[in-house]
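Here's the letter readout for the chains.
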Amino acid sequence: MRTEDLINCFNKHIQTRRTELGIDTSGSIAYQYEVVTHKTFKAVKEYKVTIWFIKGGRKFGILSINQVINTSSLKGVFIPDELDKIICKSLFDLINSDIYEQIIRGDYNDNTNK
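First, a word on scope: everything that follows refers to the structure included in this document. Think of each chain on its own: its residues are numbered from 1, step by step along the sequence as written. For this predicted model, a pLDDT threshold of at least 70 governs which residues receive local features, and a threshold of 80 or more governs which side-chain atom pairs are given and counted, while totals over whole chains, interfaces and linings are taken from all residues. Hydrogen atoms and water are omitted, and side-chain values are computed over all heavy atoms in the structure.

Okay, the packing of helix H1 (residues 3-21) against helix H3 (residues 98-105) next. One can describe the packing of H1 onto H3 by two numbers: an axis separation of 9 Å at closest approach and a directional angle of 70°. Between H1 and H3, the crossing angle belongs to the class labelled roughly perpendicular. Residues Phe 10, His 13, Ile 14, Arg 17, Arg 18 and Leu 21 of H1 lie in contact with H3, whose contacting residues are Tyr 100, Ile 103 and Ile 104. Gly counts as polar in this scheme, as do all residues outside two lists: the nonpolar Ala, Val, Leu, Ile, Met, Phe, Trp, Tyr, Cys and Pro, and the charged Asp, Glu, Lys and Arg. When grouped by side-chain class, the residues that make up the contact of H1 with H3 number six nonpolar, one polar and two charged. Working convention: axes come from line fits to C-alpha atoms, limited for helices to the stretch in contact. Angles between N-to-C directions cover 0 to 180 degrees. In this text, helices come from DSSP runs of H or I with a minimum length of four residues, and strands from runs of E with a minimum of two, each type numbered from the N-terminal end. In what follows, roughly perpendicular refers to angles from 65 to 115 degrees, roughly parallel to angles under 35, roughly antiparallel to angles over 145, and oblique to any angle outside these ranges. Residues count as neighbours in contact if any of their non-hydrogen atoms are within 4.5 Å of one another.

Moving on to the pattern of salt bridges. By definition, a salt bridge exists where a carboxyl oxygen of Asp or Glu is found within 4 Å of a side-chain nitrogen of Lys or Arg. For the structure on display, the rule yields four salt bridges. In this structure, the salt-bridge partner of Arg 17 is Glu 20, at a minimum N-O distance of 2.8 Å. With Arg 17 and Glu 20 both in helix H1 and three residues apart, the pair spans about one turn of that helix. Each residue is assigned to one of three classes by its accessible area relative to the maximum for its type, calculated with a 1.4 Å probe on protein chains only: buried under 20%, partly exposed between the two thresholds, exposed over 50%. With a relative accessible area of 27%, Arg 17 lands in the partly exposed category. Residue Glu 20 is classed as exposed on the basis of its relative accessible area, which comes to 54%. Here Arg 105 and Asp 107 are joined by a salt bridge, their closest N and O atoms 3.2 Å apart. Judged by its relative accessible area of 41%, Arg 105 is partly exposed. Asp 107 sits in the partly exposed class, given a relative accessible area of 38%.

See below:
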């Protein structure tokens, strides 16, 4: 299962929870995926994934995952698959947290937990 599938399922879950609780609000989560190649050592890559809560045209960071990997030493390992596993675990860890409850209510923002 890819990250976009996880995010789509999580958004469906959020909407279902809102319906069950009678919460009339908007807002969903989305992700941003980047691969940055080191300027000097092309085999070294930084993989960045950011999960956002988006509401009313504004986005608020929920979690960020960064992995720096020397790809020259990898044989048969597909990095996005490993990142998908980390993202999946992070989303499961999010459930039953204060952030999760704020997302369900639609009132999460960056300043909520600072």
